[in-house]
Every structure is written in structure tokens, then in C-alpha cells.
Amino acid sequence: MKPALFDFAVAQSLSDAQSALLGGQNKLVSGNQSLGPMLNLRLTRPAGLVDISRVPELRAVEEHENYVRFGAAVTHAEIEDGEVPDPTGHWMRNAAANIAYRAVRNRGTIGGSLAHADPAADWVIVMTGLCAMAVVKGAAPDATLRTIPMEEFITGPYSTALGPEDILTAIDVPKPGQGARWSYWKYTRQVGEFAKASAAILIDPANNRTRITIGALGRQPALISNPETILDGSKSPMEALSVAIPDQPATALHLHAVALSRALEQIKVAKEFSA
Amino acid sequence: MADGQDVKERSKGIGARLMRKEDDRYLNGKGRYVADIRMPGMLELAFLRSPLAHARIISQAKPDQTDSWVFFGRDLDGVSGIRAVSGLPGFRPSTQPILADEKVRHVGEPIAACLADSRAKAEDLAEKIDVVFDELPAVHDMTKARDKESPLLHEDWEENSFLESNADINFEAAIAEADVIIKRSFKTARQCMAPIEGRGLIAVWDRNLELLTLYSATQMPHIVRTGLADCLNMDHGQIRVIAPDVGGGFGYKGILLAEEVCACYLAMKLDRPIRWIEDRREHLIAGANCREHSYEITGYAKADGELLAVDCTAIVDSGAYSSYPFSACLEAAQVASILPGPYVMKGFRCKTWSVATNKPPILPFRGVARTGVCFALEVLLDGIARELKITPEAIRARNLVQPEQMPFTNITNKFFDSGDYPEALKRAVTAIDLDGIRKEQKGQTGRTRIGVGLSIFCEQGAHGTSVYHGWGIPMVPGFEQATARLTPDGGLELRVGVHSHGQSLETTLAQIANTEIGIDPEKIKLVHGDTAYTPYSTGTWGSRCIVMAGGAVGSACELLGERIRKIAGHLMQADPADIKLEGGMASAGRSTISIEEVARTWYLKPQLLPDDVDPRGLDVVAGYKTTKDTGTFSYACHAVKVEVDMDLGHIRLLDYVIVEDAGTMINPMVVDGQVYGGAAQGIGTALFEEMCFDASGQPLASTLADYHLPLASDLPNIRIEHMETPSPLSRFGQKGIGESGAIGPPAAIANAVNDALSFIGAEVAEVPMTPERVLSAIAQAEFSKTTEGDVA
Amino acid sequence: MTETTVDLVVNGAPVSELTEPRTHLADFLREDLLLSGTHLGCEQGVCGACTVFVDGRPTRSCITLAASCKGAEVRSVEGFDDDPLMKALRDAFKRHHGLQCGYCTPGMLVTGYDIVRRLPDADAERVRKELSGNLCRCTGYAGIVAAIMDVLENNPPAAKVQPHARTPQKTEKSAAGSIGTASGVASPAAAERNVPASIPAKSSLAGAPSLSRTIRFNVSASDIWAIVSDPEKIVSCIPGGQLDSITDGNLLQGKCAVSMGPIKAAFAGTARMDLNEAEKSGHVIGRGKDGLSRSQLDGMLDFKMTGLPEKGSELTLDMVYKLTGPLSQFSRPALVAEIADRILDQVAASIEALAKGEDPHETQPRNLNGLSLMASVFMGWIKRTLRFR
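Bear in mind that the values here come from a model prediction, so they are computed numbers and not experimental data.

So, the nonpolar core
The tendency in soluble globular proteins is for nonpolar side chains to be buried side by side.
All names here are of chain B.
Phase 1 of the analysis: Of all hydrophobic cores here, the largest spans 216 residues; its most connected members are Ile749 and Met769.
Phase 2 of the analysis: Here Ile749 is in contact with Val640, Val642, Ile651, Leu653, Tyr656, Ile683, Ala686, Leu687 and Met769, once residues within four sequence places are set aside.
Phase 3 of the analysis: With 48 residues, the next largest nonpolar core counts Leu486, Val498, Leu526 and Val598 among its residues.

Below, the structure is given as C-alpha cells:
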């Protein structure tokens, strides 16, 4: 199938993109790797597409003392290949390397993936799990950037906190503290397919961050409360998940519990972060 | 032996691992598939397809001022629907409309044809058409299709069944001595064949020649021509069908499409070339499917493992229509006749139904019913072995047809031509290191378990007139013909009615000709895929090409060789009987003359030939049939080692061995390629591929992200070992091998998984073996164990 | 629709063509430039047959818009005549029988080239992983993996095609082009035509997914009943719901806009609402159709008000829905279920808001957990297998 008609423009700047969003008929597109199949199937019919993959502000990567700010149009492959700094050592690189296929990673972007918010997408859980923040710019010309914690940014299946005229400009990924550990485990039957279940664990004592995140739930990732009780073994993954995601069908609940068990096994042997 | 091997390596004839003649054009992007062809004034065709599985069409309305671009069924004057009527008694025929205008019977059925100068614009047009439906309840479950309360697809039928058949051979007598009776239920999922290129066509009307030319991505151009002539009520002479490069078939391209009939009609009506290229969504939701079987099967055996009899009730979900030319009944006919497999048994009973459901028609996919049948029988056999506490290899060895019994006529009257089945089993057991795996298994604890599984089967291929007539298939193959023409430059042009779309016939048929008359394959050109140039053939299907077209090329070359010898004899003053044709030369003793010179003389220097020269020339057509048309029986044993992650239900293939006997191999590289490719598809059947439907008959996979094909990373490095027992029936001892690889994997892998899980007594009985199915089998086994424990 | 000019370099030669913005790069190469070596196998970004180099990187040309490639350098299978690494790959594919029908081959060669160039130390397992984005239905990948390994292990020639650097660009001020007209949006007439007037039979919803909710209110049953029994009010509680007319007393005509990310559907249709004043219960059944996608949504809602002994009231909602047509033809029913779940949440929250005299559209849905039925065998097993681990 071929897409329905749409207009098209390449935005050269953030303000270009922002003015195109006024009126709510147009849609931003970066790599087109998630939107493209939907366009071809005529499942989505934006009046116009605005290509933001070359907007300089969205391509920039800034290193700050405690975090790195990734422009939304940085590709998965750039992260995978280490062309941009990885604040987490290699955690982001490893996650990027297992997104879909190389040809998709060459065009797909971190911001595009998060704004699309497919519940089974890697960045959706990994960014939530790493306590990343979404950087959002509103429509008003003088609007200041807002930062939104990722767990609040992703609000449901294909749903985000972005307003109709907002742009996700960047993602801030905090640098882990000395000795931090991380594990991310997803179950895919086949390379590159959407995960059936996934779990991520961050233990970052220096920054007082301990987080267990469950992904591929058909909606936004779930954060497990009191993760320490799982890490110290006083609660089993199944017990924790029966409370955290009780409405999942039995098989899904089971697979997520396994994903969490596997992530727990991995974190035991995970290398400690050192800057 | 070493010398013989050496000669084979050096030769370019039969047995040589010759690189393929067709490769260069593909590797350089110079293949010419149907979507690559453009014609001046060409229009693109898109179809409006039914969104519902079962509905009456209440009204249809075209957008304003589109009468010349949008067409409904009522606009196709004088066009008949597609009918494929089985010759078997009791068959209920269906008529598949070209464009449905009264009733739709599956999602994706074409309702309107829309033309525009680009595909996108044709799709824009399709969106604007109004159709009002009255939705009817859908029949989606083949096991309930025949129930009284089930709505009828074809309202003049008594029940949703194309055909019911019964076979009973000595059943009651055979089971009298049974010590064990083992019952199982098995299911194989509905699949899409998914060649990477879909169907596609360009229809062109030539006013001057009064000729309709259809370029179509088909495996059987001559059959498409016959079908078109029937539906369009035209003479064969007015129709030419060309199959250009075709991007894989596997059975999917062996069917006459309503889309083909429709495009041809419109091309003639509008006098414009019309192109339709099936897209992936159309393929997945609307194209013909395959493989959906359900078995209730019972095995009867003696305590020593002797298999006495098999009793089976099988249902094949044939979908909404009987597709042309194989009909809705080929699968069930195969089930009933092939189920006994490579084994000796005393009794057999089988009842089959080909039921109609609100799904696309079913079509024979590589392996046809053999894949399902092998799965049912081989997994049952392991069940019997476990019950009797004997090994899977022992129960097979005990019941296989023995080499000294060959040729062997089995219980369903299949004539096994040659082979050593137990040897294949033995080699596979050794190659997979079954003993080693058993030792490895002893030390296992925890929830990751390895298992090993076997399957063995034989594959009837290139079977002919008597078999297909007996199965009631509307298209019965007879003699296969080939044309061999020596060109004036000493080259050879071969023309065959079959089509090569990955089978490598451009190379292998040249190898056969090379063996017969010594012309270098470089100078041999295969013409195929054009009804105007090639002799009639039922086409490429049924693992028949290398036997039938290969045999025909052999016959034609033999005849051509006689003619060449006669002329060469005259030119060399030698007895034609003494002349050998080798290396492009005709030689008798010390005198030689090039075949090129012979050709040049015949065509351009006839003054050198005597007046009583044979006037029939160097252009011959010859026909070929195997000495008995019951088919060659290649056979194989698959052995697989798997790892089952019991928490995820995930299956990993650790090692895979195939011991295969293709008879005489024309090109071992090509045989390997067919086996690897078939095995990958069989692994797809075993683990991944499933076209699900919901209760309203909606297909639940419209993209390749929903319908999972096997990837490079899903497959182990498959190891193939060859045996080479020539067939006594075929010209060179070759056997059909094209489908074999796809038959064994579901059975072998299921047996391996069940072996891995045997310590808890779990068994999977349905393919694909998804994590959900494996987990459910484990859960059932462990739950029943623990509840038994609770009670105790 | 206006066409747009696409200027780029294809196989070394500059190209400038007018094309529709919706044209993807593969169609641009095949139909506009007649470079038919790039094949389409799915147009869904999965099969990899259309893989070409864009700026030296393997790219799915079926989900890359030609208009997005302005200024890019594209290299397709036709553009490697003097490339020694491609020659080595082609020779190896030939030797190892890495192709049969040839259809996936151009994409395989591009991916193979990228593997050899990018991962010189790859072993067979890695090669298989890297090949997972390219489907081949003929070869079982055996010959392809062998061919790529052969090239990798035998001093591959240097790759002439190299990825272009992708550095952040300098900020420039320029107009965004002529965007803003809504010509791609189907006219409302097209979307609303053929509104089904029929009501589905209850039996047609048998076996369809269902959802339930129970909501407690601090107000009396009759206050809530006044909302739920009033078609205008209850429809206003449905997100995206709009009531157009009421005929024959209980036939409601209207629409419901549902969105799932970029997928937006507008189901227009008719529902019948039957009320039982005495029992304070109701039954709504209806059918809506999304005109453009031809997807159809059948739904049924049963509700019942109960007064609570102390104070307040309780509303139970039981919903059944059935989606047919293109929007239903995917293997991720959990997503649809989640969206249905959210809609019911919003309906519940809006009723509550309305009862309190608030604007229903200002409310955030509460997160209510539905009852999900689980197979007892499965649950029992899960508890046993995972309890202690």
C-alpha cells in the first residue's frame, strides 16, 4: 500500500518546526521508521509531515556535569557506535545495538521513538529505567524548556505528555554515580521484534537512585515500589508484579516475572560503573 | 572412486557442483520481475477488498464521474467465476467471484477494481467507494464448520464441507493384537507462504495480433492460460502468458487469481496495459493460505514396538473457495494416502473432511499435506515409544520399510521406488550424536533442558497421471515435453513449460543437456515461462521439475543427438552409431568435428549434405514420462537438538542434521540449497508462522511484524548428509527433492521439545510451538502433577 | 497535491525529479528513475529487500521518503560496478549458492557489504544476527551466511562506500516550506459517508473482548441515573463522543473519535439505548464505522445503578466490543484492550465529574483496575513455579 496524500516540509530550525505544528494538522517526523509503516498502511493520515531530522538544535549533544543532553534527532546507530558520548559507560550503547535492525537504527532516532511511545520500544523502558528526563519546548516563542521525568512523559500506549504544539527537543540522561549497576533484560523470540516482556534495574547508591522498571506492558512502563525488597530477596518477582501489574493476563504476568528474574540475575554480576 | 569423484568435480554435466548461470543478473540487480516492467499508457490497479469475513453486499456505489476507472462485478460482462471441481464423488463445487457483488466470504476478497496512473492514486480512488454490507456470522473454526448451527458459506450446500472421504484398509483385523493404543490430537496452524516477491501482473491487449498477453508472477503459466481462457470465454490462441523472473513461489504462485482474470478483462475493455502488484498486506490478509489441519489420531502397537495400525480423523480448513487448479481437496487426499509414512503397517483407517470457512482459500504450500501428516504420525510414534519405554530410534527402525523390501508397495498402495530408510535413520542418529546427548541429559537439573528429536519421512515427487486422477484433482499431468534446438552457432536452446524461480533449472537442465550431447552449459540457453515459446506443461509444483522437465530435456537432447550424429556422420564419413558427443565436439575414433560446424552446415551450408538428408532438422520436441507414474520417493531423516527454556517457553535449535536421499543429484549445490531453504520454511512452520483469525474471521496479521518468518538468527548451521540411491523410475535416477526440507522440521522439533520435557510428561501437540503453547503444555503437566501430589 | 522537487545523487549522478511527497525512496528509484534493482517485499520496514545505501548507511528505502533525502547520496545495487568489495561479495554469493530466486539479493548485498565493512571480526553467529533484518524465503540463509563469512575471512577489499559523517549542522534561518494546508486530510464527507444505520445483533458480539467496572459515588443513585439515562449527558462522557441526533426515541446517531498515537479513527454510526427505569439499568448496543479505513466497531454496554445502604450509590458497567477491518488486523490485541480500558476509565471519571457538577472534559481518568479472568491452571502453575524464585 502507498500512503494517503500529505504535504511535506523540511524544518531547518526549531522555530520552523514549531510554526508548522500550529493548527494541529501536521506531524513531526524524524527517522520515519515507526511512522513509515503506518503511513504506508494508511493507518495514519497527517495533513502534513515536517521532517525535523536535520534541525541543528535537535542534533546537538551537550555534556553537562551530571547529565548528557541528547538532541531528539540523534539516531540509535550514533548511540550504538559511540559517535555521541554515553553517560552510562556502555549501557545506552548496548541497548541501542539491540533495537530493531541496523538499517532501522541508521535512521530511527531516540526522540522519535520516545515521542511515538510504543509500549514495547526499548528507549521507552530504558530511559524510564535510567531516570532520564524529557526536554520539551512549548509553542509560545518565549516558552522555556520544560523537563519531565520519563515516567511522567510516557502516559500510555502511544501517548505522551506532549501537547499538540509541543516538541520533544532533547533527552537528559543522568550520569550514574561511582559503583552504580544496571541491567536490562528483554524477551524477544526473534532478533529485532517488539519485546514480549522486559525489565530494567538501576542501582545507583551514590545518587540515591534505585529503580526497577517493567516494560512491554501494552502501556507505559511500570515502576516497582520498594525495589529494595526485591533486590534483597524478601519479595519474589512474582509477588511484586502481582501487586504492580495485577491486570496483566496470566501468561504476560508470568513472562514479566521471568524477565525481572533474569534482570536480577544479571545485576548480580553487572560491572560497577566508574566514571 | 577418487578418480570418479574427480571427473565429477571437473565436469559440467550431471553431478557437477556447477555455479549457477542465472546468478549474474540477480547479483547485479538486473533480474526482471513483473513489477520491473512498464508499458506505455499503463494504468495501475488497486482493489477495494472486503473488510468483513462474511457479509451480504447490500449496495455498491462509485464516486462521481469514476465510471471509467472503477469497476464492480456487474461491470465484467461475460466473465465467469473461478471453478475448480474435483472429480471425486460427493464434491461440492464453489464459484469464486472475480469481483464479489452479492456476498463476500473472506476478508480481503476483491469487490471493486480501481484504475489510476499510479498505485497511490488508485488506492485513493478505492477509498471513495461506498459499499454497504449486511454482516453475517463468520465460520472461523474448522472443527465446528460442519455443525448444524454453523452459517452456510455457500447457501446451496447442506454443510460447510467440500468433500468427505473414507479409507479403511484391513483396520479392524489389524488392531486385534494391539498391546497399546495411543491417542493424540494435533493441529497445524494456518500459514501464509510469503515469498518475498508477492503476486503481480501486467495485462496487455494487442489489437494488431488480437492477443491478450499476461505477464504474471506465476509458477505455471500454461495452467493460468487455460484458466483464463475458461473464465474469459476466449480461445487459448488469443492468450499468451509470460512468467518473467519470479521472486519465489513455494506453491503460492500456483493458483489462478481473480485479480488476473479481472485485470485481463479490463486491459481488453479499456485497451490499456494494466498492472497490479500485490502488496504485503494483500498477501497476508487476502492471499491464499495453507497448512491448517487438525488430527485426531490413534496408533495401535504391539509391546515390542511393532506398529499395527493407524486410525485418523483429519480436518483440513480449505477456506472459502476451491482454488484453481488444485481444488479444495488435494490436501485431504494427500492426508488419507500419505499418513502411513515410510512405515510398514497392517491396518489403516482415515476419515477426512475438507471444510469451508470464512478464510482465504487454501493452496498447496511446499510439502503440501506431508508436513502436517509427518508431524502427526512422527509425534504419535514418539508417544507410543514413551509408553512402551523404547527409544524413538528403535521404534522407527522396527517399523521402517527395509531396503531389501524395495521397491515396496505400502498399505495405501504407494510404490516406494528405492532407498535405504533405516540407513538414513542410523546416519542421522550418529551425526546428531544421540548417545552424547543422552549422556548430557543425565546431568541436567533446573529449568533449561535439552532434548533431541527425530523425524523420518519419504516424499512422493513427480507423481503423474494415475495419482492425480485418483485424487480427483482437476489438473492431471501427463507427458512432460521439452524442445531442444541447436542454433547455427552450435549453441543449444532448450524450451520447457515449467518455470524456474529459484530452482536453478537454467543451470541444472543445461547440465543434463551437457551430459547428453556435450555442449558447454555456457552455450545453453533455457527458455521458460512463456506460453508462446514453450511446450504445454502443468508447471512447477509437486517436486516434479528435475524429474519431468529434466527427463524431457534428456529425451529431447537424445533425439537431437541422433540428428547431430547423422549429419556429423556424413561430414566425417563415420557411422553415426560410433559418434560420441563430448566437449562440444562430435568424434568417431580420431576424427572430430565441432558441433558448431554441424549446426552451421545444417542451417547455412546445406550444399554439403546429401539429398536424402533427414529433413526434420536440428529442432526437436520430445515427450517424457517416468517408467511408472507413481512418483519418485526421496526420503530424509531429520535430527535436531533443542534447548527449552521452561520459564519462557522458548525453544532454541542447537544443532540440526538432515540425511537426505535425492537419488542421483544433478547438482549437489542446488540440492543442498533446496534442502536448506525447505528446512528453514519447515522451521517456520514449527516455531513461528501462524495466521490467526478472530471469531469474526478477521485475520490478525497484516504486516510482517505480526506474521513471523524465520530469520538468519533463528536458524542453526544445518548439516546435510547425502545418500544417493538412484530411482529406477526416472531417466537419470534423480528424485524430486524440492519440498523435502519443509516436511521434517515440525515433527523433529516437537519430538525434541517433548523429549526435553519428558521428565515432567509435557507434550506439545500444536505448531507453531510458541512460548504460549510451550508454557501451557508445561503448566498442564506440572499442575496436574502438583495437584495429584496435593490429593495424595 | 503539489509535487516536490527531489535533488539528490544516485549512484554517483545528480538527479532532480518532481515527485509527490508521499513517494518513498524505493518507488522513487524504481518508478521515477527506472532503477528496478531495488525490490519491494513488504513496504512495512521489515523484510529488508529494499535496503540501499543513503549517505553510505544501509537504509530501508520503503520507509524513507524520497523528499527526506534531498541532498543525500543514494547507492543502489546498480551502482557498484567498480567496487571490489561488492565484487567479492557477488562472487562469494555465487560460490556459496547464496541466492535462489534473487529477489532479496540486492538488499542482502547491501547489508552484507555493511557487515564486512563495519564488523571485520564478526563470527557466523554475529553475521546471522546482523542479517536478521533481511528476509530470505529461498535459501534458509545458509549460503548467504557462508558467503559473507568467506569474504570476511579472506582479506576483504577496502569498502569504497563509507558512511558520511553526520555532524550537527549550523543553525540556519529559513522558511519551513509551504506546510499548513490540509489537502491530505480526507474531506469530512468522505469520512462520514455510509454511516451504518443498522444495529448489530447481540449474538454477533459473542466471544468478543469484554471489560467491567464498578464505580462508587457519594451521591444518590437517582442523581447518577439522571446522567446515565440521558443520552446527551452520557455521550458527553465518552471521550471523542458526539451525539448528532435521536430518532424513534432511543436510536442515537453520532460519532466517536478514537486515537491510538498517530492512528486516528472516527467511528460514526447508530446505537440503540434501552432503559429500565424501574431497575435503573440500561442496555446500549451500536455500530460505528471509520469511513476511511473501513474498520467497524460494534459495542454493547450494560449498566446498572444500585443505591448503597449507607449513602451514595454504585454503578456497574459491562462493555463488550468487537473491532473488524484493517484496524483490527494486527497481532497486538493488548494494545487495543488497553485503549478500550482507558476509554472506559474516562467514561467512569466523566460521569463522576458530571455528578459532582464539574466539567467532564477537565477530569483525569482514575486508574481503576478491571477484573481479568485468568485460567486457573495457569495461575496455579505460575504461583507454584515462581513462588520461591
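Examining the sheet that holds strand β6 (residues 133–137) of chain A
Residue and element names in this part refer to chain A.
Phase 1 of the analysis: Ordered in space as β4-β5-β10-β6-β7, the five strands form an open sheet in which the pairing is antiparallel. Two strands bound the open sheet, and with one partner strand each, they are β4 (61–63) and β7 (145–149). Each neighbouring strand pair of the sheet contributes to a mean axis angle of 25 degrees, computed without reference to strand direction.

Section: the environment of Asp655(B)
Residue and element names in this part refer to chain B.
Phase 1 of the analysis: Following the sequence through the fold, Asp655 ends up in strand β27 (residues 650–661).
Phase 2 of the analysis: The contacts of Asp655, once residues within four sequence positions are left out, are Ile432, Ala639, Val640, Lys641, Pro716 and Arg719.
Phase 3 of the analysis: A distance of 2.6 Å separates polar atoms of two side chains, one belonging to Asp655 and the other to Arg719.

What about helix α6 (residues 258–270) of chain B?
All names here are of chain B.
Phase 1 of the analysis: The end-to-end C-alpha distance of α6, which contains 13 residues, comes to 18 Å, matching closely the 18 Å that a straight helix rising 1.5 Å per residue would cover.
Phase 2 of the analysis: Of all 13 residues that make up α6, 10 are buried, and the element is covered over most of its length.
Phase 3 of the analysis: Buried within α6 are the following residues: Ala258, Glu259, Glu260, Val261, Cys262, Ala263, Cys264, Tyr265, Leu266 and Ala267.
Phase 4 of the analysis: Directly beyond the C-terminal end of α6, a positive phi value near 55 degrees is found at Asp271.

Describing the interface of chain C and chain B
Phase 1 of the analysis: Listed as interface residues are 67 residues of chain C and, on the opposing side, 86 residues of chain B.
Phase 2 of the analysis: Carbon and sulfur atoms supply 54% of the area that chain C and chain B bury against each other, a total of about 6300 Å² over both sides.
Phase 3 of the analysis: Between chain C and chain B we count eight salt bridges in total.
Phase 4 of the analysis: For Arg275(B), the salt bridge goes to Glu31(C), with nearest N and O atoms at 2.9 Å.
Phase 5 of the analysis: In this structure, the connection of chain C to chain B is made through 38 residue pairs in polar contact (both at pLDDT 80 or more).
Phase 6 of the analysis: Looking at the side of chain C that touches chain B, the elements that each hand over two or more residues are α1 (25–32), α2 (84–95), α3 (105–118), α4 (124–130), β10 (281–290), β11 (295–307), β12 (313–324) and α10 (376–386) of chain C.
Phase 7 of the analysis: It is α10(C) that contributes the most residues to the side of chain C that touches chain B, seven residues altogether.

Focus: the pairing of strand β2 (residues 26–29) of chain A
All names here are of chain A.
Phase 1 of the analysis: With four bridges joining them, β2 and strand β3 (residues 48–51) adopt parallel strand pairing. Residue pairing across strands places Lys27 opposite Leu49, the latter belonging to β3.
Phase 2 of the analysis: Following the backbone out of β2, through helix α2 (residues 35–40) and into the adjacent parallel β3, one traces a crossover that is right-handed.

Describing the interface of chain A and chain B
Phase 1 of the analysis: Between chain A and chain B, the residue contacts involve 20 residues of the former and 25 residues of the latter.
Phase 2 of the analysis: Interface of chain A and chain B: buried area, both sides summed, is about 1900 Å²; carbon and sulfur atoms make up 53% of it.
Phase 3 of the analysis: Put simply, chain A and chain B have seven salt bridges between them.
Phase 4 of the analysis: Across the pair Arg42(A) and Glu123(B) runs a salt bridge whose closest N-O atoms are separated by 3.5 Å.
Phase 5 of the analysis: Linking chain A to chain B there are 16 residue pairs in polar contact (both at pLDDT 80 or more).
Phase 6 of the analysis: For the side of chain A that touches chain B, the element with the most residues is helix α12 (residues 250–269) of chain A, which contributes five residues.
Phase 7 of the analysis: Broken down by class, the residue content of the side of chain A that touches chain B amounts to nine nonpolar, four polar and seven charged.

Observations concerning empty space enclosed by the protein
All names here are of chain B.
Phase 1 of the analysis: In the structure shown here, the tally under the stated rule is 11 cavities of 30 Å³ or more.
Phase 2 of the analysis: Roughly 620 Å³ of internal volume is contained in the largest cavity.
Phase 3 of the analysis: Forming the boundary of the largest cavity are 44 residues, of which Gln503, Ser543, Gln674, Gly738 and Glu739 lie nearest the centre.
Phase 4 of the analysis: Counting residues per element, the ones that place at least two in the lining of the largest cavity are α8 (330–338), α14 (505–517), α15 (545–572) and α17 (668–688).
Phase 5 of the analysis: Top contributing element to the lining of the largest cavity by residue count: α17, with three residues.
Phase 6 of the analysis: Of the residues assigned to the lining of the largest cavity, the class counts are 18 nonpolar, 21 polar and five charged.
Phase 7 of the analysis: Empty space within the second largest cavity amounts to approximately 460 Å³.
Phase 8 of the analysis: Of all elements in the fold, only β1 (43–49), α3 (119–127) and α7 (280–286) reach the threshold of two or more residues within the lining of the second largest cavity.
Phase 9 of the analysis: Per-class residue counts for the lining of the second largest cavity are 13 nonpolar, three polar and 10 charged.

So, how was this worked out
Residues numbered from 1 in each chain as written. Chains lettered and ligands numbered in written order. Predicted model: local features only at pLDDT ≥ 70, side-chain atom pairs only at ≥ 80, totals over all residues. Heavy atoms only, no water. Core = buried A, V, L, I, M, F, W, Y, C linked by side-chain atoms within 4.5 Å. Buried < 20%, exposed > 50% of the residue type's maximum accessible area, 1.4 Å probe, protein only. Contact = heavy atoms within 4.5 Å. Pairing = 2+ DSSP bridges. Helix = DSSP H or I, 4+ residues; strand = E, 2+ residues; numbered from the N terminus. Axes fitted to C-alpha atoms, helices over the stretch in contact; angles between N-to-C directions. Polar contact = N/O pair within 3.5 Å; in protein donor to acceptor, adjacent residues only side chain to side chain. Expected span 1.5 Å × (residues − 1). Buried area = accessible area lost by both parts, 1.4 Å probe. Salt bridge = Lys/Arg side-chain N within 4 Å of Asp/Glu carboxyl O. Right-handed = clockwise from strand over helix to strand, strands pointing away. Nonpolar A, V, L, I, M, F, W, Y, C, P; charged D, E, K, R; others polar. 1 Å grid on protein atoms, 1.4 Å probe; cavity = no way out; pocket = protein on both sides within 12 Å on 5 of 7 lines; lining within 4 Å. Points joined across faces, edges and corners; volume = space filled by probe spheres on them.

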